[in-house]
Amino acid sequence: MSRIGRLPITLPAGVEVKLEGREVSVKGPKGELSRTLAEGITVANEDGTITVSRPNDERESRSLHGLTRTLINNMVIGVTEGYSKKLEIVGTGYRVLPKGDDLEFALGYSHPVPVKAPAGITFQVDGATKLSVIGIDKQQVGEVAANIRKLRKPDPYKGKGVRYEGEQIRRKAGKAGK
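About the thresholds
- Residues numbered from 1 in each chain as written.
- Predicted model: local features only at pLDDT ≥ 70, side-chain atom pairs only at ≥ 80, totals over all residues.
- Heavy atoms only, no water.
- Helix = DSSP H or I, 4+ residues; strand = E, 2+ residues; numbered from the N terminus.
- Rg over C-alpha atoms; globule rule 2.2 N^0.38 Å.
- Buried < 20%, exposed > 50% of the residue type's maximum accessible area, 1.4 Å probe, protein only.
- Contact = heavy atoms within 4.5 Å.
- Areas by Shrake-Rupley, 256 points an atom, 1.4 Å probe, with all protein chains shown as cover.
- Lys, Arg positive; Asp, Glu negative; His and termini not counted.
- Charge placed at Lys NZ, Arg CZ, Asp CG, Glu CD.
- Core = buried A, V, L, I, M, F, W, Y, C linked by side-chain atoms within 4.5 Å.
- Phe/Tyr/Trp six-rings, centres within 6.5 Å; stacked < 30°, edge-to-face > 60°.
- Lys NZ or Arg CZ within 6 Å of the ring centre and 35° of its normal.
- Salt bridge = Lys/Arg side-chain N within 4 Å of Asp/Glu carboxyl O.
- Expected span 1.5 Å × (residues − 1).
- Arc of directions from axis to C-beta.
- Pairing = 2+ DSSP bridges.
- Axes fitted to C-alpha atoms, helices over the stretch in contact; angles between N-to-C directions.

A.B. asks: It is not clear to me how the overall build of the protein should be interpreted in this structure. Could you clarify?
C.D. replies: Of the regular secondary structure elements, the protein holds 2 helices and 13 strands. Against the 2.2 N^0.38 benchmark of 16 Å for 178 residues, the protein shows a C-alpha radius of gyration of 21 Å, more extended than a compact globule. Counting only C-alpha atoms, the protein reaches 60 × 45 × 25 Å along its principal axes. By the burial criterion, 33% of the 178 residues in the protein qualify as buried. Long-range pairs, those at least 24 residues apart, make up 50% of the contacts in the protein between residues at least 6 apart in sequence. Accessible surface, the protein: about 11000 Å² in total, of which carbon and sulfur atoms supply 48%. Charged side chains in the protein number 30 positive and 21 negative. The centres of these two groups are separated by 13 Å.

As structure tokens, then:
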């Protein structure tokens, strides 16, 4: 049995879970999320706890068992607390400016780089070099943060670029460092 898949999910106060066929929707104080479950995986809601079970011990069912439980748990955490990813910008002249709900980056290119906020995502700018991506969907928050990081990845020689907060960049020596 999957160690993660067999753990029950306890629902905090104010969170509702609806199960309609293979569709699971979670509603909480911060919003509502829904997801379609994989074929064969069953979800039961009993007295404020959710249990996930699988039909057999085949390889595919075992792999989907823990995944489904984790995805539902992430939805519950998202509608209660939300998720955020913090990014920092390192480099002379590199900065971020809020433009309404969107962002505008100066990353050493000849032009400013605009980034639009997708639905369900908000940006919070702390100073000119720190920003947070905030939302209720863990996957969407991570994807938006990764796309912002892709605009100017950290350089291994000088360390300039957009990085996650606390990310360690492996530095290379360069020409003179033999």
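A.B. asks: Whenever I open this one, the nonpolar core confuses me. Can you help?
C.D. replies: General note: in soluble globular proteins, nonpolar side chains tend to be found buried as a group. By size, the foremost hydrophobic cluster in this structure holds 19 residues, and its most contacted members are Ile89, Leu103, Phe105, Phe123, Leu131, Val133 and Ile148. For this core, the secondary-structure elements that each account for two or more residues are β7 (83-90), β9 (102-106), β10 (113-115), β11 (121-126), β12 (130-135) and α2 (138-150). By residue number, the principal contributor to this core is α2, which donates 4 residues. Filtering out sequence-adjacent residues up to four positions away, valine 133 remains in contact with Tyr83, Ser84, Lys85, Leu87, Ile121, Thr122, Phe123, Val141, Val144, Ala145 and Ile148. Counting 18 residues, the second largest nonpolar core, distinct from the first, contains Ile9, Val26, Val43 and Val76.

A.B. asks: What is the right way to read the packing of aromatic side chains from this model?
C.D. replies: Centre distance and the angle of the planes are the two values used to describe a pair of aromatic rings. For the structure on display, the rule yields 0 aromatic pairs. Geometry around tyrosine 164 places lysine 85 over its ring, the cationic atom sitting 5.1 Å from the centre. One Lys or Arg, arginine 152, reaches over the ring of tyrosine 109 and ends 4.3 Å from the middle of that ring.

A.B. asks: What is the right way to read the pattern of salt bridges from this model?
C.D. replies: Once their charged atoms are close, side chains differing in charge can pair, the charge on each being opposite to the other. By the definition in use, this model includes 5 salt bridges. Here aspartate 57 and arginine 54 are joined by a salt bridge, their closest N and O atoms 2.9 Å apart. Between arginine 149 and glutamate 167 there is a salt bridge, with its nearest N and O atoms 2.8 Å apart. Here the residue arginine 149 occupies a position in helix α2, and glutamate 167 occupies one in the segment after β13 (161-164), the gap between them amounting to 18 residues. We classify arginine 149 as buried; its relative accessible area is 18%. The class for glutamate 167 is partly exposed, based on a relative accessible area of 22%.

A.B. asks: I would appreciate a short explanation of unusual backbone geometry in the present structure.
C.D. replies: Most peptide bonds take the trans form, and the phi angle of most residues other than glycine is negative. Although it is not a glycine, aspartate 47 adopts a positive phi angle of roughly 50°. In this structure, aspartate 47 sits in the loop between β5 (42-46) and β6 (49-53).

A.B. asks: Just checking my understanding: could you explain α2 for this structure?
C.D. replies: In an α-helix there are 3.6 residues to a turn, and that puts residues three or four apart on one side. Taking 1.5 Å as the rise per residue, α2 with 13 residues should run 18 Å; its terminal C-alpha atoms sit 18 Å apart, in good agreement. Those residues of α2 that sit buried are Val141, Val144, Ala145, Ile148 and Arg149. The buried residues of α2 all sit within an arc of 140° when viewed along its axis, so they share a single face. Across from the buried face of α2, at angles greater than 90 degrees, the exposed residues are Gln139 and Lys150. Residues of α2 that are buried make contact with β7, β9, β10, β11, β12 and β13.

A.B. asks: What should I look at first to understand the sheet that holds strand β3 (residues 23-28) in this one?
C.D. replies: In sheet architecture, strand pairing relies on hydrogen bonds along the backbone and comes in two forms, parallel and antiparallel. Spatially, 3 strands are ordered β2-β3-β4 in an open sheet, and the strand pairing comes out antiparallel. The outermost strands of the open sheet, each flanked by one partner alone, are β2 (16-20) and β4 (31-36). Adjacent strand axes in the sheet meet at a mean angle of 15° when their direction is disregarded. In this structure, β2 lies alongside β3, joined through 5 bridges in antiparallel fashion. When the sheet's bridge partners are listed, valine 17 is paired in β3 with valine 26. Lying on the sheet, helix α1 (residues 59-80) is in contact with β3 and β4; it crosses β4 at an angle near 170°.

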